[in-house]
Amino acid sequence: MKNLGILLSGRGSNFEAIAKSVAAGRIPDARIAVVISNRATAAGIETARRLGLSAFIIPSQGKERTHHEVEVVSALQQHAVDLVCLAGYMRLLSPWFVRQFPGRILNIHPSLLPAFPGLEAQQQAFAYGVKVTGCTVHFVDEELDHGPIIVQRAVPVLDTDDERSLSERILEQEHIAYTEAINIVFEGKFEIVGRRLQRKAACLGE
Ligand code: GAR
């Protein structure tokens, strides 16, 4: 049984999609061991409690970064977390944090990286006028929205779109992409060559 740890800061729809995948057996032999928010107001924490999961608020506000990160890392370790999923976690992780879970932290970002890193990626893409955008699930390294890419899903920008409709269609794809990425990582049939995640021959065509 693999233990997932979820870090979030807000709505928590990606967390909820992961929870549904786990419950439906689409992420086999896994469970959500803990859900942690740095913000007391995060709706995702309410959802986690409603689902009967271990859910904690570890406030970051007014706290030194190192102190906050030590608290979060020890909560993840206490719950024997194998894979940390950032799901709308609006904090940059320090190099120390990343080293505590080498190759075992994933993030989802609402653009086709390396385009539009940082905040409000959907709005950035819309304003830039791209015709295709999407979402990316990647390993977390020490730079913002930067580590090797696991899954990307493309979303066309329609003439009829506004920022909201575009964001909604990207979000639908995010919910699919995160489950795909978790399964790739748990199956472990890949290697990272440079920045490229390459599936091993045995699982191509599956
Ligand atoms: C998602 O769109 C996620 O991709 C984005 O925050 C939203 C969280 O929504 N993350 C980032 O922009 C990280 N750079 P959710 O709380 O409903 O999952």
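Structural data are supplied above this passage.
Notes on the structure in this doc start here. Remember, predicted model here, so these are calculated numbers, not experimental data.

What counts, and where the lines are drawn
- Residues numbered from 1 in each chain as written.
- Predicted model: local features only at pLDDT ≥ 70, side-chain atom pairs only at ≥ 80, totals over all residues.
- Heavy atoms only, no water.
- Core = buried A, V, L, I, M, F, W, Y, C linked by side-chain atoms within 4.5 Å.
- Buried < 20%, exposed > 50% of the residue type's maximum accessible area, 1.4 Å probe, protein only.
- Contact = heavy atoms within 4.5 Å.
- Phe/Tyr/Trp six-rings, centres within 6.5 Å; stacked < 30°, edge-to-face > 60°.
- Helix = DSSP H or I, 4+ residues; strand = E, 2+ residues; numbered from the N terminus.
- Lys NZ or Arg CZ within 6 Å of the ring centre and 35° of its normal.
- Near = heavy atom within 4 Å.
- Polar contact = N/O pair within 3.5 Å; in protein donor to acceptor, adjacent residues only side chain to side chain.
- Areas by Shrake-Rupley, 256 points an atom, 1.4 Å probe, with all protein chains shown as cover.
- Nonpolar A, V, L, I, M, F, W, Y, C, P; charged D, E, K, R; others polar.
- Expected span 1.5 Å × (residues − 1).
- Arc of directions from axis to C-beta.
- Salt bridge = Lys/Arg side-chain N within 4 Å of Asp/Glu carboxyl O.

We now examine the nonpolar core. Counting residues in hydrophobic clusters, the biggest one holds 38 residues, and the most contacted among them are Ile18, Leu106 and Ile182. Non-local contacts of isoleucine 182, meaning those with residues more than four positions away in its chain, are made with Leu4, Ile18, Ile27, Leu83, Cys85 and Leu106. Core analysis: the second largest hydrophobic core is formed by 19 residues, Leu76, Tyr89, Ile105 and Val140 among them.

This part takes up the packing of aromatic side chains. Summed over the entire model, instances satisfying the criterion amount to 3 aromatic pairs. Ring geometry for phenylalanine 139 and phenylalanine 190: centres 6.1 Å apart, planes at 40°, overall tilted. Placement of the pair is phenylalanine 139 in strand 6 (residues 132–139) and phenylalanine 190 in strand 8 (residues 190–193), with a sequence separation of 51 residues. When its relative accessible area of 16% is taken as the criterion, phenylalanine 190 is described as buried. Just above the ring of phenylalanine 186 sits the side chain of lysine 2; from NZ or CZ to the centre is 5.2 Å.

In the vicinity of the ligand, the contacting residues are Arg11, Gly12, Ser13, Asn14, Gly88, Met90, Ile108, His109, Pro110, Gln122, Asp145 and Glu174. In this structure, asparagine 14 approaches the ligand through a main-chain N or O atom, which is 2.9 Å from an oxygen atom. Contacts to the ligand include histidine 109, whose side-chain N or O atom sits 3.1 Å from a nitrogen atom. Protein chains shield 90% of the accessible area of the ligand, which is 450 Å² for the free molecule. Of all the elements in the fold, those that place two or more residues in the shell around the ligand are helix 1 (13–23) and strand 5 (105–109). For the shell around the ligand, the class distribution of residues is 3 nonpolar, 6 polar and 3 charged.

Before going further, it helps to spend a moment on unusual backbone geometry. Residue leucine 113 is joined to proline 114 through a cis peptide bond whose omega torsion reads 15°. Notably, alanine 80 is not glycine yet its phi reads approximately 50°, a positive angle. Relative to the helices and strands, alanine 80 is located in the loop between helix 3 (65–78) and strand 4 (83–86). In this model, aspartate 145 sits at a positive phi of 50°, which is unusual for a non-glycine residue. On the accessibility criterion, aspartate 145 (14% relative accessible area) is buried.

Turning our attention to helix 3. Compared with the 20 Å implied by 1.5 Å per residue over 14 residues, the 20 Å span of helix 3 between its first and last C-alpha is a close match. Along helix 3, the positions that sit buried rather than exposed are His68, Glu69, Val72, Val73, Ala75 and Leu76. With its buried residues spanning 160° around the axis, helix 3 presents them on a single face. On its buried side, helix 3 packs onto strand 1 (2–8), strand 2 (30–37), strand 4 and helix 4 (95–100).

Another aspect to go through is the pattern of salt bridges. Enumeration according to the criterion identifies 5 salt bridges in this entry. Measuring nitrogen to oxygen at the nearest pair gives 3.9 Å for the salt bridge that ties glutamate 69 to arginine 65. Taken together, the residues glutamate 69 and arginine 65, both in helix 3 and 4 residues apart, mark about one turn of the helix. Two residues, arginine 164 and glutamate 168, come together in a salt bridge whose shortest N-O distance is 3.5 Å. Here arginine 164 and its partner glutamate 168 are both found in helix 6 (residues 163–187), 4 residues apart, which amounts to about one turn of the helix. For glutamate 168, a relative accessible area of 43% gives the class partly exposed.

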